[in-house]
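A closer look at the structure
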Amino acid sequence: MSDRSLLPPNATRYERALADTTARVSDVATPLRDLWNPDTCPAELLPWLAWSLGVAAWKPYWSEAIKRQRIKQAVEIHRRRGTVQSVRRVVESFGAGVAIREWWETDPPGEPHTFELILTVRDSNNAAELQQDIVQEVHRVKPVRSHFTLIAGIAAEGGLGLYGAARPVIYRRIQTEE
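Residues numbered from 1 in each chain as written. Predicted model: local features only at pLDDT ≥ 70, side-chain atom pairs only at ≥ 80, totals over all residues. Heavy atoms only, no water.

Further remarks concern the overall build of the chain. Scanning the chain from N- to C-terminus turns up 7 helices and 3 strands. The order of α-helices and β-strands along the chain, N terminus first, is α-α-α-α-α-β-β-α-β-α. Buried positions account for 25% of the 178 residues belonging to the chain. Contacts spanning at least 24 positions in sequence make up 48% of the contacts within the chain whose residues lie at least 6 apart. Approximately 12700 Å² of the chain is accessible, and the part contributed by carbon and sulfur atoms is 55%. (Helix = DSSP H or I, 4+ residues; strand = E, 2+ residues; numbered from the N terminus. Buried < 20%, exposed > 50% of the residue type's maximum accessible area, 1.4 Å probe, protein only. Contact = heavy atoms within 4.5 Å. Areas by Shrake-Rupley, 256 points an atom, 1.4 Å probe, with all protein chains shown as cover.)

Geometrically, the link from D107 to P108 is a cis peptide bond, its omega value of 0 degrees lying close to zero. Unlike most non-glycine residues, H113 shows phi in positive territory, near 65 degrees. Here H113 lies in the loop between β1 (97-102) and β2 (114-121). Of the residues examined, H113 reaches a relative accessible area of 32% and is grouped as partly exposed.

With that settled, consider empty space enclosed by the protein. Summed over the entire model, instances satisfying the criterion amount to 1 cavity of 30 Å³ or more. By volume, the largest cavity is sized at about 40 Å³. What lines the largest cavity is simply G54, V55, R70, A74, I77, H78 and R140. At 4 residues, helix α4 (residues 64-79) tops the list of elements feeding residues into the lining of the largest cavity. (1 Å grid on protein atoms, 1.4 Å probe; cavity = no way out; pocket = protein on both sides within 12 Å on 5 of 7 lines; lining within 4 Å. Points joined across faces, edges and corners; volume = space filled by probe spheres on them.)

If you want it as structure tokens, here you go:
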């Protein structure tokens, strides 16, 4: 009998059965690199990956791209917490545009330890909820002594069709005939 386990010769039948069972379990492939990578992790496991990396807020209505980006940025946000860079990374992890103007960058200089957060949300489906989530996360990572003023906007995409281009021309022509 070729017993390849590390059990002693006097092992009980129960111990041998347990060793056989655990040997089969270890043969199951576990793609750990894929599970710990935000780009390749299955979508249904993303909340667990976010929890393990310390992502504080997690909302079901966020798009999958936002969830993956929040996970990607989690370590850098924690590493730089309390700095302007962490505020910038939090906002960018939501896919929003941000411009930060600190008190000493204004003319005349503003009140010390204040800044303006100029926020442009690009997701128009749930922009109000997303904007509120961004503000909550900014409060969480900003320097504790700092206060900010929010200037918010929504970026919209659109095209100019033939009718939209022709209408001002028609309007101008009608106006000149009078």
